[in-house]
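These are the residues of each chain, in order.
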Amino acid sequence: MTARVLNLGLLKAFSDFKHLVQDISRCEDALSTAKSMQEQTPSARLEPEITRLEKELEMYSQEKLCYESQILSDGDFIQRALSFYRLMVVWLVGLVGGFKMPLPSTCPMEFASMPEHFVEDAMELLIYASRIPKVLDGVLLDDFMNFIIMFMASPTYIRNPYLRAKMVEVLNCWMPRGSSSIAATLFEGHQLSLKYLVRNLLKLYVDIEFTGSHTQFYDKFNIRHNISELLEYLGQVPSHRAAWRQIAKEEEKGVYLNFLNFLINDSIYLLDESLNKILELKELEAEMLNTAEWEQRPAQERQERTRIFHSQENIIRIDMKLANEDVSMLAFTSEQITAPFLLPEMVERVASMLNYFLLQLVGPQRKSLSLKDPQKYEFQPKELLKQIVRIYVHLARGDTENIFPAAISKDGRSYNEQLFNAAAEVLIKIGEDGRLIQEFVELGAKAKVAAAEAIDAEAVLGEIPDEFLDPIQYTLMKDPVLLPSSRITVDRPVIQRHLLSDNTDPFNRSQLTVDMLIPNVELKARIEEFIRFQELKRRGGDFGMQSAKAAIQTTQEEMLID
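Residues numbered from 1 in each chain as written. Predicted model: local features only at pLDDT ≥ 70, side-chain atom pairs only at ≥ 80, totals over all residues. Heavy atoms only, no water.

Draft legend 1. Representation of the sheet that holds strand 3 (residues 518–519). With antiparallel pairing, three strands are arranged side by side in an open sheet as 2-1-3. Sheet topology places strand 2 (489–491) and strand 3 at the edges, where each strand pairs with a single neighbour. Pairing of strand 1 (residues 480–482) with strand 3, which is carried by two bridges, proceeds in the antiparallel orientation. Paired with Leu482 across the two strands is Ile518, which belongs to strand 3. Helix 21 (residues 492–499) rests against strand 1, strand 2 and strand 3 of the sheet, and its axis sits at about 85° to strand 2. (Pairing = 2+ DSSP bridges. Helix = DSSP H or I, 4+ residues; strand = E, 2+ residues; numbered from the N terminus. Contact = heavy atoms within 4.5 Å. Axes fitted to C-alpha atoms, helices over the stretch in contact; angles between N-to-C directions.)

Right, here's the structure in full:
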């Protein structure tokens, strides 16, 4: 009964206050846009709208003050509610056997039957309380921390991915941001935290790809933003960094590889989207600066174009901020653990991503991305270039089998040997470390050699029979495997790359996992035989040419003697 009363009373009030703050923010944005439009293209139609928005904003502000004085200032009441919810989570954990990991494989019916708002209200209250000064002083948070670590990566127990994401939001509120924090010991000295926090954050990062909601594509970026901030902080804590390395080693082809795959997917999408939006924004800006033509357009069209301009600004700012975070995370993870990046199913994808970013930042079109105030849009091309080059160098340092240069040169979309020297020139100008630049240039030289070798190898093989080509990438298969449902043969690294994002057969959408792949031994033997034959044929041709030249030379010498 107490939980229900709090759900309908205190938590409803907090929810209403949250929506009120969002309404104020929207109203302020609308007012700012309307005033900006009025300054650029004065219109009598806009005056009533500006007046209405100003009155609405004043009403919202008064309502906000009422909430703040009545609820947010009553610290004792909020602390009593926190005590109740602490009892709630201890009781819930008792239903599954107490504070111990791992959880039982089967969720007890008693726990599964509990109303979802029991957990959601506890998390919401913790989020609100974390934002009110001194409310958490003296409150024991260990039980909450245990509960969050236990359940945030356990869909068997808490199916709703958004509720598990809310647990990450709580941790994000507690994350130490200054020289000291009441919650620092929760992250750096807490037993369950040290053992399971990084692992469960990585797992949730992967799980959140598919929430089942129609807005899942956009929701995941906000949730992963919170996870990334936490991972970045934990990466600076030695004990958590050691746990991270251990997980990467244990889960090299499991959850950690999935994490890297989605991190790369997000980086590509966000940066690509941001750069395209910058080009669109510059077009709009050029339209507005052409005063003579702009003034001739109808007022309604000008207002709509101005609204789109401000909307694009916000999208670029958000996407670029998230892209910077993802690239920074890739730079950190590639320095700490390189092996997963260099797996056959991953290395070409990583190389293609880096080449594409390099092309955008130092290629022929880089001048079209120049902005008057890049900081306003979180666009830091020099810093971004540094991070991209660091990833290249980190992977080159860990590449003991020298496969990375070949992967770089194999990318037909973005690879250009000149980009490496162009990037090096920019890095020298901005004062990057000389050793890093040298290693990067050396990697570019290796990629150039690998490109030449690939051309020679292609010439040796000549025309390849279609049955030896992968049907997805149309490249020569090295390790052909049969898909059990569609009965189509593909190259193992290609299908493994696909399965990192989608566990279905790409030809008929039936369920497919890595362990279901069937090696096509007979076809592999024929491909290897084909390669051997073509190489012998080439060597035989070269030998024949050399024999012919030797015979001609002998004949000429005999004629000279005669």
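Having seen the structure, we can now continue with the description.
Draft legend 2. Representation of the environment of Arg317. Summarising the element assignment, Arg317 is placed in helix 15 (residues 299–336). For the pair formed by Arg317 and Phe379, sequence separation is 62 residues and the distance between their alpha carbons is 7.8 Å. Non-local contacts of Arg317, meaning those with residues more than four positions away in its chain, are made with Lys376, Tyr377 and Glu378. In terms of polar contacts, Arg317 uses its side chain to reach the side chain of Asn314, at 2.8 Å. (Polar contact = N/O pair within 3.5 Å; in protein donor to acceptor, adjacent residues only side chain to side chain.)

Draft legend 3. Spotlight on the UniProt feature "domain: U-box" (unreviewed entry) in the protein chain. Cross-referencing UniProt, the feature "domain: U-box" (unreviewed entry) maps to residues 463–537 in the present numbering. Taken end to end, residues 463–537 has its terminal C-alpha atoms 13 Å apart, with 33% of it in helix and 11% in strand. (UniProt positions renumbered as here; feature names shortened; annotations may be inferred.)

Draft legend 4. Representation of empty space enclosed by the protein in the model. Applying the stated rule across the entire model yields one cavity of 30 Å³ or more. In this structure, the largest cavity spans a volume of roughly 40 Å³. Taken together, Phe221, Arg224, His225, Ser228, Asp266, Leu270, Leu322, Glu325 and Asp326 make up the lining of the largest cavity. Broken down by secondary-structure element, the contributors of at least two residues to the lining of the largest cavity are helix 11 (216–234), helix 13 (255–289) and helix 15. Among the elements that take part in the lining of the largest cavity, helix 11 stands out by supplying four residues, more than any other. (1 Å grid on protein atoms, 1.4 Å probe; cavity = no way out; pocket = protein on both sides within 12 Å on 5 of 7 lines; lining within 4 Å. Points joined across faces, edges and corners; volume = space filled by probe spheres on them.)

Draft legend 5. Quick look at the layout of surface pockets. Here the largest pocket is characterised by a volume of approximately 1,700 Å³. Lining the largest pocket we find 46 residues, and of these Glu348, Ala406, Lys410, Leu476 and Lys478 sit closest to its centre. Mapped by element, the contributors of at least two residues to the lining of the largest pocket are helix 16 (344–362), helix 18 (404–410), helix 20 (434–461) and helix 21. Classifying every residue of the lining of the largest pocket gives 21 nonpolar, nine polar and 16 charged. Each of two domains, domain 2 (259–461) and domain 3 (466–551), supplies a minimum of three residues to the lining of the largest pocket. The computed volume of the second largest pocket comes to approximately 670 Å³. Around the second largest pocket, the lining is made up of 16 residues, and of these Lys18, Gln22, Arg26, Glu169 and Ile318 lie nearest the centre. Of all the secondary-structure elements, those providing two or more residues to the lining of the second largest pocket are helix 2 (10–40), helix 8 (161–174) and helix 15. In terms of residue class, the lining of the second largest pocket is built from four nonpolar, four polar and eight charged. Viewed by domain, the lining of the second largest pocket spans two of them, domain 1 (1–173 + 188–206) and domain 2 (259–461), each represented by three or more residues. (Nonpolar A, V, L, I, M, F, W, Y, C, P; charged D, E, K, R; others polar. Domains from an automatic or database assignment.)

Draft legend 6. Region of the structure containing the packing of helix 6 (residues 117–130) against helix 8. Two elements in contact, helix 6 and helix 8, have axes separated by 9 Å at closest approach and are oriented at 25°. Between helix 6 and helix 8, the interaxial angle falls into the category roughly parallel. Crossing of helix 6 over helix 8 shows left-handed handedness. Contact residues: helix 6 offers Val119, Glu120, Met123, Glu124, Leu126, Ile127 and Ser130, while helix 8 offers Leu163, Lys166, Met167, Glu169, Val170, Cys173 and Trp174. Of the residues that constitute the contact of helix 6 with helix 8, the class distribution is nine nonpolar, one polar and four charged. (Parallel < 35°, antiparallel > 145°, perpendicular 65-115°, else oblique. Left-handed = near helix turned anticlockwise from the far one by under 90°.)

Draft legend 7. Structural context of the side chain of Arg497. Along the chain, the position of Arg497 falls in helix 21. With residues up to four places along the chain from it excluded, the contact list for Arg497 reads Pro344, Glu345, Glu348, Arg349 and Gln473.

Draft legend 8. Just the confidence of the model for the protein chain, in detail. The pLDDT averaged across the protein chain works out to 87; a share of 94% of its residues lies at or above 70. At the low end of the mean pLDDT range in the protein chain sits helix 22 (residues 521–561), at 66; at the high end sits helix 1 (residues 2–8), at 95. Here residues 547–552 scores under 50 on pLDDT; set against residues more than four positions off or in separate chains, the count is zero contacts. (pLDDT = per-residue confidence, 0-100.)

Draft legend 9. Quick look at the domain arrangement of the protein chain. The assigned domain composition of the protein chain is domain 1 (1–173 + 188–206), domain 2 (259–461) and domain 3 (466–551). Taking only C-alpha atoms, the centre of domain 1 and the centre of domain 2 are 36 Å apart. Contact between domain 1 and domain 2 buries roughly 1,100 Å² in total, counting both sides, with carbon and sulfur atoms accounting for 63%. The tally of links from domain 1 across to domain 2 stands at zero salt bridges. The interface formed by domain 1 and domain 2 includes zero residue pairs in polar contact (both at pLDDT 80 or more). Ranked by the residues each element gives to the side of domain 1 that touches domain 2, the list is headed by helix 2, at four residues. Per-class residue counts for the side of domain 1 that touches domain 2 are five nonpolar, five polar and one charged. (Buried area = accessible area lost by both parts, 1.4 Å probe. Salt bridge = Lys/Arg side-chain N within 4 Å of Asp/Glu carboxyl O.)

Draft legend 10. Structural context of the pattern of salt bridges. Enumeration according to the criterion identifies 35 salt bridges in this entry. Between Lys410 and Glu348 there is a salt bridge, and its shortest N-O distance comes to 3.0 Å. Residue Lys410 is found in helix 18, and its partner Glu348 is found in helix 16; the two are separated by 62 residues along the sequence. For Lys410, a relative accessible area of 48% puts it in the partly exposed group. Note that Asp479 is salt-bridged to Arg492, the shortest N-O span being 2.7 Å. Taken together, the positions of Asp479 in the loop between helix 20 and strand 1 and Arg492 in helix 21 put the pair 13 residues apart, joining distant regions of the chain. The network of salt bridges with common partners includes Glu287, Glu293, Arg297, Glu301 and Arg305. (Buried < 20%, exposed > 50% of the residue type's maximum accessible area, 1.4 Å probe, protein only.)

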